[in-house]
Amino acid sequence: MANRIDPAAKSIRGRNTQNLVEKILRSKIYQNTYWKEQCFGLTAETLVDKAMELDHLGGTYGGSRKPTPFMCLVMKMLQIQPEKDIFVEFIKNDDHKYVRILGAFMHVQSQQYSIKE
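Residues numbered from 1 in each chain as written. Predicted model: local features only at pLDDT ≥ 70, side-chain atom pairs only at ≥ 80, totals over all residues. Heavy atoms only, no water.

**Considerations on the overall build of the protein chain**
Here is the rule: A run of H or I in DSSP becomes a helix once it reaches four residues, and a run of E becomes a strand once it reaches two; helices and strands are each numbered from the N terminus. Throughout this description, buried means an accessible area under 20% of the type-specific maximum (1.4 Å probe, protein chains only), exposed means over 50%, and partly exposed covers the range between. Here a residue-residue contact requires only that any non-hydrogen atoms of the pair lie within 4.5 Å. Each accessible area is a Shrake-Rupley result for a 1.4 Å probe, and residues are judged covered by the shown protein chains and nothing else.
Counting its regular elements, the protein chain contains six helices and two strands. Scanning the protein chain from its N terminus toward the C terminus, one meets helices and strands in the order α-α-α-β-β-α-α-α. Counting every position in the protein chain, which comprises 117 residues, the buried fraction comes to 38%. Contacts in the protein chain between residues at least 24 apart in sequence constitute 63% of all its contacts with a sequence separation of at least 6. As presented, the protein chain carries roughly 7300 Å² of accessible surface, and 53% of it is formed by carbon and sulfur atoms.

Rendered as structure tokens:
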């Protein structure tokens, strides 16, 4: 149940927004302990706290190509699709550079949604 998209979330051309992430990376994220322990039950408000805990960004790392917490939070944001105002507040955050990057990344993705629609 934790891997389902929010029922109120918009779809892109009738597709699940989580499909923007490759299937292999998506399945590794779903199996990751950070996803299971830290991202389960996150809302738009609690996602901000987790984003402030980020100390690096990236896609995958290590020999088994484990997903980073940054990618897990990107997947969670694609899953719950918070309002665009939250992206703007992430971008305005001067204290935490990784929060700004997360907000900018999701802002670009949301602009792609509106352009494609």
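Past the structure itself, the notes keep going.
**Focus: unusual backbone geometry**
You will see that arginine 65, though not glycine, has its phi angle at about 55°, which is positive. Mapped onto the fold, arginine 65 is located in the loop between strand S1 (60–61) and strand S2 (66–67).

**A short note on the nonpolar core**
Worth spelling out the cut-off: Among the buried residues, those of types Ala, Val, Leu, Ile, Met, Phe, Trp, Tyr and Cys that are joined through side-chain atoms within 4.5 Å form a nonpolar core.
Core analysis: the largest hydrophobic core is formed by 26 residues, its most contacted members being Ile29, Trp35, Cys39, Leu73, Met77 and Leu102. If you list the elements that add at least two residues to this core, you get helix H1 (23–31), helix H2 (33–38), helix H3 (44–52), helix H4 (69–80), helix H5 (84–92) and helix H6 (97–116). Those residues in contact with leucine 102 that lie beyond four places of it in its chain are Ala51, Phe70, Leu73, Val74, Met77 and Phe90.

**Re the packing of aromatic side chains**
Each aromatic ring pair is described using two quantities: the centre-to-centre distance and the angle formed by the ring planes. This is how the line gets drawn: Only rings of Phe, Tyr and Trp enter the pairing, Trp through its six-membered ring, and a pair is recorded when the two centres are within 6.5 Å. The plane angle decides the type: under 30 degrees is stacked, over 60 is edge-to-face, the rest tilted.
By the definition in use, this model includes one aromatic pair. Plain terms: the ring middles of tyrosine 30 and tryptophan 35 are 5.7 Å apart, the flat faces sit at 55° to each other, and that makes the pair tilted.

**What about the packing of H1 against H4?**
So the rule is basically this: To get an axis, a line is fitted to the C-alpha atoms, and for a helix only the part in contact is used. The angle between two axes follows their N-to-C directions and goes from 0 to 180 degrees. Oblique is the label for any angle not under 35 degrees, not over 145, and not in the 65 to 115 range, which are roughly parallel, roughly antiparallel and roughly perpendicular in turn. Following the grouping adopted for this structure description, the nonpolar residues are Ala, Val, Leu, Ile, Met, Phe, Trp, Tyr, Cys and Pro, the charged ones are Asp, Glu, Lys and Arg, and the polar ones are all others, Gly among them.
For the pair H1 and H4, the least separation of the axes is 10 Å and the interaxial angle reads 100°. Comparing the axis directions of H1 and H4 gives the class roughly perpendicular. Two secondary-structure elements touch here, H1 through Leu25, Arg26, Ile29 and Tyr30 and H4 through Met71, Cys72 and Met75. Grouping the amino acids of the contact of H1 with H4 by side-chain chemistry returns six nonpolar, no polar and one charged.

**Notes on the confidence of the model for the protein chain**
Detailed reading of the predicted coordinates is not advisable wherever pLDDT falls low. Let me state the cut-off plainly: Confidence of the predictor at the level of single residues is captured by pLDDT, which takes values from 0 to 100.
Averaged over every residue, the pLDDT of the protein chain is 80; residues scoring 70 or more account for 80%. Overall, residues 113–117 carries pLDDT values under 50, and its contacts beyond four positions in sequence, including any with other chains, amount to eight contacts.

**Description of the side chain of threonine 68**
Tracing the sequence through the fold places threonine 68 in the loop between S2 and H4. Its relative accessible area of 3% is what places threonine 68 among the buried residues. Those residues in contact with threonine 68 that sit more than four places away from it in its chain are His56, Gly58, Gly59, Thr60 and Tyr61.

**Let's talk about the state of the cysteines**
Operational definition: Counting rule for disulfides: a pair of cysteine sulfur atoms within 2.5 Å.
All told, the structure shown has zero disulfides when counted by the stated rule. In this model cysteine 72 remains outside any disulfide bridge; the closest cysteine sulfur is found in cysteine 39, 5.2 Å from its own. Of the residues examined, cysteine 72 reaches a relative accessible area of 0% and is grouped as buried.

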